[in-house]
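Observations on the model geometry
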Amino acid sequence: MRLADKLTAIKGIGEKTAQSYARAGMETVEDLIHYYPRTYEECAAPVPIRSLQEGGPVVVCAALASDARVRYTGKLKIVDAVIRDETGSLRVTWFNMMYLKDVLRSGKRYVFKGKLSVSRFGMVLEQPVIYAPETYVPLIGKLRPIYSLPSGITGKGIEKAVKEAFAGLGMLKEFLPASIRRKYALAEYNYALRTIHFPPDKTELTFARRRLVFDEFFLFILAVRYLRDVNEVQENGCRIEPSPLVDQFEKSLPFALTGAQKRCYQEILADLTGPKLMNRLVQGDVGSGKTIVALLALMQMAYGGYQGALMAPTEVLARQHYENFTRLFAQAQINLRVELLTGSMTAKEKREAYGRIAAHETDIVVGTHAVIQDKVHFARLGLVITDEQHRFGVRQRENLAGKGQEGMEQGRQQSLPHVLVMSATPIPRTLAIILYGDLDISVIDEKPVGRLPIKNCVIGASRRKKAYEFITNQVKEGRQAYVICPMVEDSSSVEGENVQDYAKKLAEELPPSITIGTLHGRMKPSEKNRVMEDFAAGRIQVLVSTTVVEVGVDVPNATVMVVENAERFGLAQLHQLRGRIGRGQYQSYCIFINGSDASKVKRLEILTRTNDGFAIASEDLKLRGPGDIFGLRQSGLMDFALGDIYTDAGILKEASEAAGELLAQDYELRSEENRELKKRLDRYLERKLDTLSL
Ligand code: ADP
Ligand code: MG
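Calculation criteria
- Residues numbered from 1 in each chain as written.
- Chains lettered and ligands numbered in written order.
- Predicted model: local features only at pLDDT ≥ 70, side-chain atom pairs only at ≥ 80, totals over all residues.
- Heavy atoms only, no water.
- Helix = DSSP H or I, 4+ residues; strand = E, 2+ residues; numbered from the N terminus.
- Buried < 20%, exposed > 50% of the residue type's maximum accessible area, 1.4 Å probe, protein only.
- Contact = heavy atoms within 4.5 Å.
- Areas by Shrake-Rupley, 256 points an atom, 1.4 Å probe, with all protein chains shown as cover.
- Near = heavy atom within 4 Å.
- Polar contact = N/O pair within 3.5 Å; in protein donor to acceptor, adjacent residues only side chain to side chain.
- Nonpolar A, V, L, I, M, F, W, Y, C, P; charged D, E, K, R; others polar.
- Pairing = 2+ DSSP bridges.
- Axes fitted to C-alpha atoms, helices over the stretch in contact; angles between N-to-C directions.

1. Regarding the overall build of the chain
- Helices and strands together make up the secondary structure of the chain, namely 24 helices and 21 strands.
- With 694 residues in all, the chain has 52% of them scored as buried.
- Taking the contacts inside the chain whose residues are at least 6 apart along the sequence as the reference set, 72% of them involve residues at least 24 apart.
- Carbon and sulfur atoms form 51% of the exposed surface of the chain, whose accessible area is close to 31600 Å².

Rendered as structure tokens:
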């Protein structure tokens, strides 16, 4: 078996299963062995029934006191049983698992692992997993991998496939030079891979993980430096003269730009009018006003005769940008033409839009990433801006530029567009230099004047009613509110408030005059748009939503945000979320509800002490400590499968140092010692060229 083999090369994986894997992005054996567990489960020793306490997972080893019974309530089929050990007895229930009735034997001992809850009949062990004692006992104290399951694949299925893959592959070649492994005390490749899937204990897991995180960062940094070198002499093929019309527009705005916005705009303008192609990151906390800076840049290019595109990650956000731009242009009587392009438009609408873009009847295109990248042919594209996306691939850029020039006037040089990336993710400057070494960086580190800082608090679930009263009062004063829940639908395996049920419950708690809307990722884009428009127009007063509102949405009249199960989110993410409020002239309030025990409060309280995204990320890191492998990932940034740029900042620095030393000695990786690394890097580049930016 080879790394590049299709997954069907693995025993037990047929075409159909392979398709399920493919939908989760796994095509080859290599993809599979790099599909790391999401977390691990520690197999605890069974405890006596008498000492059980409510809540949390429990494990008991007990005998079935009598045959299991089946009862029906509504649509549910429930299997009931009583189990007994030397210290007491306990009720056990399973939902919709009828076959258990015939499998479980009265009088026989099993290990039961499940959640203990209290019903009106006393304590009940719900939906426990059942093991034969002889299979469970050897597992005690061991860590079992838990994978994010692609639909159609079971945890056991992945485990088995990974084991088969390792057996089939045999030993893989180590690709890190021995000198680097020695210097940074990194585990061997094969050992690390096997251990991350099947760790004997936490110490070994930590050691293995460190190596694989190092790999991710190291390859990323090498790739970025390599690409930067390729791109060093990229000339500005769409150079413009600054237009005074843009300054006039800026003066007509209802607000004055902050100093930071002005500086950032000047830096961009210098690029657009200068000799080299722009490749710039604009970093500014939520609400710092990045959009207007983007608009000014788009206008400059438009007046210079070039088209520009602004790409947003969601339709909701794209639409909002579009409406914002058209409104501002109408107010200032600007006659530049803006076009909206989203997936939910009809085929005819899209076709017409494509026509106008190709004929240069449009100056500025606003849309979702996918739409702009796949289908559009620009007449004369000069600037691409991505909002809230951190990378924009080399190929994507070339595709856009290349397509634009097809069939244009003969003889004109095809030129790449400028690239501007806008991000609210707080990355300390030292890290940004490592990660975005290939980009120039502008920072908007100042909020518009007159903003009142958000007031925050963390409360337990028992005080939820107070939060509702607060929402009611704010709505009476004309304001609006968000309520954020982690999950969409009720699911028996995961706790947590969910949007649909929650909205129903909330409707009973709030006065009937208040209109409640719901928003979540599984809704059709057109439905999402409608809800967002209703909320923006004030027709919905309270919006119950998942984190889809996280990115970019701007409704200045919303002043309250309640976050349910706040402990389930990363702090950086919570900070992004609360950026949806505090955007207007009114005082805003963010209420974090801690749905877990009090131990989580300390972490959440970091959010109440500061509104500074950078400070939050670093405080969180201090509290949790680096290498907190069971903790929440903060950023999920830049597609690292394991590494987290905050919690693994130490490894990131080492990887950066190692890459620097390596390239200083052997820039083209020609030496014998670096041969395997070169091969690995080439494969990495081949795959990542779409997402790494130049
Ligand atoms: P973000 O940086 O999070 O993308 P936005 O660009 O959405 O922020 O701006 C947030 C809000 O602040 C918008 O309503 C915008 O019109 C407003 N805004 C932007 N710049 C200023 C400014 N200099 N003074 C006052 N309000 C501003
Ligand atoms: Mg924004």
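2. Regarding the site of ligand 1
- As a matter of local geometry, ligand 1 sits amid 16 residues, with Ala256, Gly287, Thr291, Arg451 and Asp554 nearest to it.
- A distance of 2.6 Å is found between an oxygen atom of ligand 1 and a backbone nitrogen or oxygen belonging to Gly287.
- With respect to ligand 1, the backbone of Ser288 contributes an N or O atom lying 3.4 Å from an oxygen atom.
- Against a free-state accessible area of 560 Å², the protein chains account for coverage of 85% of ligand 1.
- For the shell around ligand 1, a count of residues per class yields five nonpolar, six polar and five charged.

3. Some points on unusual backbone geometry
- Positioned with a positive phi, Gln127 is a non-glycine residue whose angle comes to about 50°.
- Along the chain, Gln127 falls in strand β7 (residues 122–131).
- The backbone phi angle of Leu669 is positive, close to 50°, even though this residue is not glycine.
- On the secondary structure map, Leu669 appears in the loop between α23 (649–665) and α24 (675–688).
- For Leu669, a relative accessible area of 6% translates into the label buried.

4. Concerning the sheet that holds strand β14 (residues 418–423)
- On the basis of which strands lie adjacent, the open sheet formed by seven strands has the order β11-β12-β10-β13-β14-β9-β15 and parallel pairing. Of all strands in the sheet, those bounded by a partner on one side alone are β11 (338–341) and β15 (440–444). With direction set aside, neighbouring strand axes in the sheet form an average angle of 20°.
- Across five bridges, strand β10 (residues 307–312) lies against strand β12 (residues 364–368) in parallel orientation. Residue Ala312 lies in a different strand from β12, and its bridge partner there is Thr368.
- Each of β9 (279–284), β10, β12, β13 (381–387), β14 and β15 touches helix α11 (residues 290–303); the most contacted strand, β13, lies at about 170° to it.

5. Looking at the sheet that holds strand β21 (residues 589–594)
- Taken together, six strands build an open sheet; the order of strands is β16-β21-β20-β17-β19-β18 and the sheet is parallel. Each edge of the open sheet carries a strand with a single partner, namely β16 (455–460) and β18 (516–519). Along the sheet, successive strands turn relative to each other by an average axial angle of 20°, direction set aside.
- In the sheet, strand β20 (residues 558–563) pairs with β21 via four bridges, with the strands oriented parallel. Within β21, the position partnered with Met561 by the bridge is Cys590.
- Contacts from helix α19 (residues 525–536) reach β17 (480–484), β18, β19 (542–545) and β20 within the one sheet, and its direction differs from that of β18 by about 140°.

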